[in-house]
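# Fold and geometry: a report
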Amino acid sequence: MFVIGERINGMFRSVARAIRERDANAIADLARRQVAGGAHALDINTGPTGEEPAEVMTWLVQTVQEAIDIPLSIDSPKPAVVAAGLRACRGRALINSTTGAQERLDALLPLAQEFGAGLIALTIDERGIPRNAAARAEIALAIVARAMETGLPTDHLYLDPIVLPVNAAQDQCREALAAMPTFRTLCEPPPHIIIGLSNVSQGTANRSLINRTYLAMAQACGCDAAILDPLDKDLMDVLRTAGILLNQEIYCDSYLQSQPA
Ligand code: THG
């Protein structure tokens, strides 16, 4: 399971403060702790900023790269901000995210090509968020077709079925899971399947329990990447245990004690 740490996001109040005050130590600390917790990449999102978001993104990327050396997932709704983040990236990067909407694919597929970046694609289009698994698969197919036309290797694609909060859209939790096996059949090599895990528990009373339960279910459905909180130890234990039970990791009695893979 490819773990992308979610914590460097201006939607968190402490991160918004660190950005405002250009507190590099706070950002570096958050980066290091996520890597220690088992992150393989870090999501970087400025959140809503009053100032120039491209400058904030560049500062965030530079600050994180001074602290750690793993791939970054550049997360912004604005293609110009994504481009600024990619330019600042030293190593491999992901783009978070395109949708199936023409305008976004036109802007972001060329960026993925130019920077050799992975491309996260939400299965959403001009009509909005699909209401069932089949509609998610239909949009996924359109995205895969565009990627193939453009010459983007299909294993650079990370298809995201869009996880919604269980308290607001309860039926959509299983629709997102049901879409996953259909994504895998769309092309060869198959695309990656990714979720923004914490969405599922937004506004609920048992966030960590809901997150880790859904994570295990998603892993069983073929999800191989997740944007999540690697500082949640119980969550990371479930992630590794599910990996063992799905025969993706080799069992030994001390598997929880060893370094996160
Ligand atoms: N798919 C993709 N990218 C994504 C998402 C997705 N990026 C953003 C998001 N969803 C995943 N990241 C988060 C980060 C934080 C939270 C949820 C998802 C979160 N934040 C607290 C909240 O809203 O309650 C903030 C609380 C605080 O300020 O401390 O839950 O689905 N591709």
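To be clear, the structure that these remarks concern was listed above.
Let me sum up the structure you'll find in this document. The residue count restarts for each chain, going from 1 along the sequence in the order it is written. It should be noted that, the model being predicted, local features are given only for residues of pLDDT at least 70 and side-chain atom pairs only at 80 or more, the latter also being counted only at that level, while totals for whole chains, interfaces and linings use all residues. As a rule here, side-chain values come from all non-hydrogen atoms in the structure, and water together with hydrogens is ignored.

### A look at the overall build of the protein chain
Short version of the rule: Strands are runs of DSSP state E lasting at least 2 residues, helices are runs of H or I lasting at least 4, and numbering of each runs from the N terminus. As a reference, a globule follows 2.2 Å times the number of residues to the power 0.38, and the radius of gyration itself is taken over C-alpha atoms. Exposure is judged per residue with a 1.4 Å probe applied to protein chains only, and the accessible area is read against the type maximum: over 50% gives exposed, under 20% gives buried, and values in between give partly exposed.
In terms of regular secondary structure, the protein chain is built from 9 helices and 8 strands. A globule of 261 residues ought to have a C-alpha radius of gyration of about 18 Å, and the protein chain, at 18 Å, matches this closely. Along the first, second and third principal axes, the C-alpha set of the protein chain runs to 50 × 45 × 35 Å. Taking all 261 residues of the protein chain together, the buried fraction comes to 52%.

### Quick notes on the packing of aromatic side chains
Put simply, the rule reads: Aromatic contacts are taken between Phe, Tyr and Trp rings whose centres are within 6.5 Å, Trp giving its six-membered ring; a plane angle under 30 degrees counts as stacked, one over 60 as edge-to-face, and the others as tilted. Look at NZ for Lys and CZ for Arg. If either is within 6 Å of the ring centre and within 35 degrees of the ring normal, a charge sits over the ring.
Summed over the entire model, instances satisfying the criterion amount to 1 aromatic pair. Taking 5.9 Å as the distance between ring centres and 55 degrees as the angle between the ring planes, the aromatic pair formed by Tyr251 and Tyr255 counts as tilted. Here the guanidinium or amino end of Arg22 rests over the ring plane of Trp59, the centre of that ring lying 5.3 Å away.

### A word on the pattern of salt bridges
Stated formally: Salt bridge, as used here, is a side-chain nitrogen of Lys or Arg placed within 4 Å of a carboxyl oxygen of Asp or Glu.
By the definition in use, this model includes 10 salt bridges. For Arg90, the salt bridge identified is with Asp69, shortest N-O distance 3.7 Å. Of the two residues, Arg90 is situated in the loop between helix H4 (79-88) and strand E4 (93-98) and Asp69 in the loop between helix H3 (53-67) and strand E3 (72-75); the sequence distance between them amounts to 21 residues. A salt bridge links Asp106 to Arg146, with the nearest nitrogen and oxygen atoms 3.0 Å apart. Pair noted here: Asp106 is in helix H5 (residues 102-115) and Arg146 is in helix H6 (residues 133-150), with a separation of 40 residues, a long-range link. The network of salt bridges with shared partners includes Arg17, Glu21 and Asp23.

### Remarks on the site of the ligand
Test applied: Proximity is defined per residue: any heavy atom of the residue falling within 4 Å of a molecule or strand makes that residue near it. Distance and chemistry together define a polar contact, namely a pair of N or O atoms within 3.5 Å, with one atom able to donate a hydrogen and the other to accept it when in protein, and with adjacent residues in sequence counting only for side-chain atoms on both sides. Note on areas: Shrake-Rupley, 1.4 Å probe, and residue coverage restricted to the protein chains presented here. Each residue is assigned to one class: nonpolar for Ala, Val, Leu, Ile, Met, Phe, Trp, Tyr, Cys and Pro, charged for Asp, Glu, Lys and Arg, and polar for all the others, Gly among them.
Within the structure, the ligand sits among 15 residues, and Asn96, Asp160, Asn199, Gln202 and Arg207 are positioned closest to it. Side-chain polar atom of Asp75 to a nitrogen atom of the ligand: 3.3 Å apart, as the coordinates give it. Between the ligand and the protein, one listed contact pairs an oxygen atom with a side-chain N or O atom of Gln202 at 3.0 Å. Protein contacts shield 75% of the accessible area of the ligand, which totals 680 Å² for the unbound molecule. A per-class count over the shell around the ligand returns 5 nonpolar, 5 polar and 5 charged.

### Details of the packing of helix H8 (residues 207-220) against helix H9 (residues 233-245)
So the rule is basically this: Convention adopted: a line fitted to C-alpha atoms gives each axis, helices being fitted over their contacting stretch, and angles between N-to-C directions are expressed from 0 to 180 degrees. Roughly parallel covers angles under 35 degrees, roughly antiparallel covers those over 145, roughly perpendicular covers 65 to 115, and oblique covers all other angles. Each crossing gets its hand from how the near helix is turned against the far one by less than a right angle, where anticlockwise is left-handed and clockwise is right-handed. Residues are treated as being in contact if the distance between any of their heavy atoms lies within 4.5 Å.
With their axes 9 Å apart at the nearest point, H8 and H9 run at an angle of 20 degrees to one another. With respect to their mutual orientation, H8 and H9 come out roughly parallel. Judged by the twist between their axes, the crossing of H8 over H9 is right-handed. Side by side, H8 and H9 meet where Asn211, Arg212, Leu215, Ala216 and Gln219 of the first sit next to Asp234, Leu235, Val238, Leu239, Ala242 and Gly243 of the second. Considering only residue class, the contact of H8 with H9 consists of 6 nonpolar, 3 polar and 2 charged.

### Overview of the sheet that holds strand E6 (residues 157-160)
Inclusion rule: Only when DSSP finds a minimum of two bridges between them are two strands counted as paired.
What the 8 strands build is a closed barrel, ordered E1-E2-E3-E4-E5-E6-E7-E8; its pairing is parallel. With strand direction ignored, the average angle separating the axes of adjacent strands in the sheet is 25 degrees. In terms of strand pairing, E4 meets strand E5 (residues 118-122) through 4 bridges, oriented parallel. In the strand pairing of E5, Ile95 is matched with Leu119. Each of strand E1 (2-9) and strand E2 (41-45) touches helix H2 (residues 24-37); the most contacted strand, E1, lies at about 160 degrees to it.

### Regarding the side chain of Asp43
Stated formally: Charge counting treats Lys and Arg as positive and Asp and Glu as negative, with His and both chain ends excluded.
Residue position: Asp43 is located in strand E2. The charged side chain of Asp43 is buried without a salt bridge, its nearest counter-charge being Arg7 at 11 Å. At a separation of 3.1 Å, a polar atom in the side chain of Asp43 contacts the side chain of Asn96. Non-local contacts of Asp43, meaning those with residues more than four positions away in its chain, are made with Ile4, Gly5, Glu6, Ile8, Ser73, Asp75, Asn96 and Ile227.

### Observations concerning unusual backbone geometry
Residue Ser97 follows Asn96 across a cis peptide bond; omega there is 10 degrees. Secondary-structure assignment places Ser97 in strand E4. Residues other than glycine seldom take positive phi values, yet Ile162 does so here, at roughly 70 degrees. Its place among the elements puts Ile162 in the loop between E6 and helix H7 (170-184). Not every positive phi belongs to a glycine, and Asn247 is a case in point at roughly 60 degrees.

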